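Spelled out from the first residue to the last, the chains are:
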Amino acid sequence: MLIDTHAHLTDNQYDNDREALIASLHLDNVDKVFTVAYDRNTIESSVKLAEEHDNIYAIIGIHPSDVADYTEETIARIKELSSHPKVIAIGEIGLDYHYQGIDKEDQKRVFISQLQLAHEVGLPVCIHNRDSIGDCLEILKNNKDLLSNGGVVHCFSESVEIYREIKKLGLKIAFGGTLTFKNSVTAPEVCKIADMEDIVLETDCPYLAPHPYRGTRNEPKLTSVVATKIGEIKGISYDKVVEITHNNALKLFPKADR
Ligand code: NI
């Protein structure tokens, strides 16, 4: 069955049908969904949603665009929640230089601090990177010791060369809707040469719905479109892609394997 390793089910775009959507996941062959926090509020709402539903798990952390939320109180709360049975990773954390206005040094400090935190509490990391791969890779290389619990670079859209660097660090990559976009070039190139053992599925929903649903609200069931695309690119069956990525996701996030 499918696992969506990166969704934002707490988003208000699901306020009218969240319960129905979660209840119908298994009908679309979606086994588990990992809902990802990005600020102080979504840490609480993600954990609550995971507590209410067997098939939902929470990944908690502060996104680089929300570094102002990374206070002593937040750090203490993340640590406290890290031992919660449904909290499976720290994320999404990283760097985002796409929008101006968030100090780069603040972003780096908060990213490194959360890598340390993940190491300390024994959880893998979910890494966000946008227009910042040079600094991101430098931080990861300089803090390789902190990656002992593994992790994933989500919505991977960097080059083959960067994929090889990420792999050397023991990290995995996640493909979502962007792999299917008609103008997508580097993601299919990486997908083609990447080891199947390094790939997990994601949606980043409600954003980045795959082709031909681009521009509409994304949902975990559309991981099937991404799995189909991976199968096409690599010349392997859809069922095989689903099986391998399912196993990869549970290996990467062991607390979701129960
Ligand atoms: Ni996300």
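Being a predicted model, the structure only gives us computed values, none of them experimental. (Residues numbered from 1 in each chain as written. Predicted model: local features only at pLDDT ≥ 70, side-chain atom pairs only at ≥ 80, totals over all residues. Heavy atoms only, no water.)

The final tally for this structure, using the stated rule, is 2 aromatic pairs. Measuring from centroid to centroid gives 5.9 Å for Phe34 and Tyr57, while their planes differ by 85°, and the two rings are edge-to-face. With Phe34 in strand E2 (residues 30–36) and Tyr57 in strand E3 (residues 56–60), the pair connects residues that are 23 residues apart, well separated along the chain. In this pair, the class of Phe34 matches that of Tyr57, namely buried. Relative accessible area serves as the criterion here: at 0%, Phe34 is assigned to the buried category. Clustering of aromatic rings is evident, with ring pairs tying together Phe34, Tyr57 and Phe253. Directly above the ring of Tyr57 sits Lys86, whose terminal nitrogen or CZ lies 4.7 Å from the centroid. (Phe/Tyr/Trp six-rings, centres within 6.5 Å; stacked < 30°, edge-to-face > 60°. Helix = DSSP H or I, 4+ residues; strand = E, 2+ residues; numbered from the N terminus. Buried < 20%, exposed > 50% of the residue type's maximum accessible area, 1.4 Å probe, protein only. Lys NZ or Arg CZ within 6 Å of the ring centre and 35° of its normal.)

Where helix H3 (residues 72–81) contacts helix H4 (residues 104–121), the axes come no closer than 10 Å and their chain directions differ by 30°. Classified by the angle between their axes, H3 and H4 sit roughly parallel to one another. The handedness of the crossing between H3 and H4 is right-handed. Here H3 contributes Ile75, Ile78 and Lys79 to the contact with H4, which in turn contributes Gln114, Leu117, Glu120 and Val121. Looking at the contact of H3 with H4 residue by residue, the class counts come to 4 nonpolar, 1 polar and 2 charged. (Axes fitted to C-alpha atoms, helices over the stretch in contact; angles between N-to-C directions. Parallel < 35°, antiparallel > 145°, perpendicular 65-115°, else oblique. Left-handed = near helix turned anticlockwise from the far one by under 90°. Contact = heavy atoms within 4.5 Å. Nonpolar A, V, L, I, M, F, W, Y, C, P; charged D, E, K, R; others polar.)

Among all residues save glycine, negative phi is the norm, and among peptide bonds the norm is trans. The residue after Gly91, namely Glu92, is reached through a cis peptide bond having omega -5°. On the secondary structure map, Glu92 appears in strand E4 (residues 87–96). In this structure, the amide linkage connecting His211 to the following residue, Pro212, adopts the cis form with an omega of 5°. Note that Pro212 resides in the loop between strand E8 (199–201) and helix H8 (223–234). In this structure, Asn29 is a non-glycine residue whose phi angle is positive, near 65°. Along the polypeptide, Asn29 turns up in the loop between helix H1 (18–23) and E2. Residue class for Asn29 comes out partly exposed when judged on its relative accessible area of 34%. The phi dihedral of Asp204 is positive, around 60°, even though this residue is not glycine. With respect to the secondary-structure elements, Asp204 resides in the loop between E8 and H8.

Next up on the list: the coordination of the nickel ion. Only His6 (NE2), His8 (NE2), Glu92 (OE) and Asp204 (OD) from the protein coordinate the nickel ion, and they sit 2.1 to 2.4 Å from it. Seen from the nickel ion, its 4 donor atoms lie at angles of 85 to 172°, and the figure they make is irregular. Positions of the donor residues of the nickel ion, expressed as sequence spacing, correspond to H-x1-H-x83-E-x111-D. Taken as a pair, His8 in the loop between strand E1 (2–7) and H1 and Asp204 in the loop between E8 and H8 lie far apart in primary sequence, 196 residues in all. Residue His8 shares its accessibility class with Asp204, and that shared class is buried. (Donors = N, O, S within 2.8 Å, 3.2 Å for Na, K, Ca; no water. Tetrahedral: all angles 85-135°; square planar, octahedral: opposite > 155°, others 65-115°.)

Within the fold, Gly91 resides in strand E4. Sequence spacing of Gly91 and Leu115 is 24 residues, and the spatial spacing of their C-alpha atoms is 9.4 Å. With residues near it in sequence (within four places) discarded, Gly91 still touches Val36, Ala37, Ile59, Ile60, Gly61 and Cys126.

At their nearest, the axes of helix H5 (residues 133–142) and helix H6 (residues 160–168) sit 10 Å apart, and the two run at 20° to each other. Classified by the interaxial angle, the pair formed by H5 and H6 is roughly parallel. Crossing geometry of H5 relative to H6 is assigned as left-handed. From H5, Ile133, Leu137, Leu140 and Lys141 reach across to H6, where they touch Ile162, Glu165 and Ile166. Each residue belonging to the contact of H5 with H6 can be placed in one class, and the counts come to 5 nonpolar, no polar and 2 charged.

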